[in-house]
Amino acid sequence: MNKLIIFSAPSGSGKTTIVKHLLAIKPLNLAFSISATSRTPRGEEQHGKEYYFLSAETFKKRIADNDFLEWEEVYKDFYYGTLKEEVERLWSMGKNIVFDIDVAGGLRIKKQFPKQTLAIFIQPPSIAVLEERLRARNTESDEKIAMRLAKAEQELAAAHQFDVIIKNDGLQKALDEAERIVTEFINR
């Protein structure tokens, strides 16, 4: 049975770095589930690589057509979701699927596939550290950072609903812990 490994966390917690580390470990047989979003690409992001970039109109039509395993309007007119066809594509390749998605989406997938899903929450050391990390990116306005921090408070409150919480207060420690936990889950 193919496994699903969900990583959720407030933006800036380090989940993407952890996911990239795990994807490089060949024996885990992992593939990344590319999410769909209605936001515009940042920096060097490419359609079909980091995200499937859809217009808000197309995203809403695909919601109406029941094309998503899960979706959410994370911020006003900013949709994110997991297309069913993406999961089917990766399963057809015999892969264990890794998700880097928001808290609500991760919990929805866990609910649909409880036995084959491991849900991991990456916790930042503090909100202050999270703010420093977001500002260091230099990719968003003060208003967007404030929105992300407000959302982070809500997401941290949901951490207890995940199977595992990894506190990222030291990157190497967090990478090692994630690798151990995911390896054990896949080898069950």
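- As recorded by an unreviewed UniProt entry, the protein chain carries the name Guanylate kinase and is attributed to Capnocytophaga bilenii.
- UniProt, in the comment section headed Catalytic activity (unreviewed entry), describes the protein chain in these words: "GMP + ATP = GDP + ADP".

### Side note on the overall build of the protein chain
Here is step 1: A tally of helices and strands in the protein chain yields seven helices and nine strands.
Here is step 2: In summary, the protein chain has a C-alpha radius of gyration of 16 Å against a globular reference of 16 Å for 188 residues, a match within 12%.
Here is step 3: C-alpha extents for the protein chain along the principal axes are approximately 45 × 40 × 30 Å.
Here is step 4: A buried classification covers 49% of the 188 residues belonging to the protein chain.

### Overview of the packing of helix α1 (residues 15-23) against helix α7 (residues 171-186)
Here is step 1: Their axes nearest at 10 Å, the elements α1 and α7 cross at an angle of 50°. Taken as axis vectors, α1 and α7 run oblique relative to one another. In terms of crossing hand, the pair formed by α1 and α7 is right-handed. Residue-level contacts link Thr17, Ile18, His21 and Leu22 of α1 to Leu171, Ala174, Leu175, Ala178, Glu179 and Val182 of α7.

Conventions and cut-offs
Residues numbered from 1 in each chain as written. Predicted model: local features only at pLDDT ≥ 70, side-chain atom pairs only at ≥ 80, totals over all residues. Heavy atoms only, no water. UniProt positions renumbered as here; feature names shortened; annotations may be inferred. Helix = DSSP H or I, 4+ residues; strand = E, 2+ residues; numbered from the N terminus. Rg over C-alpha atoms; globule rule 2.2 N^0.38 Å. Buried < 20%, exposed > 50% of the residue type's maximum accessible area, 1.4 Å probe, protein only. Axes fitted to C-alpha atoms, helices over the stretch in contact; angles between N-to-C directions. Parallel < 35°, antiparallel > 145°, perpendicular 65-115°, else oblique. Left-handed = near helix turned anticlockwise from the far one by under 90°. Contact = heavy atoms within 4.5 Å.

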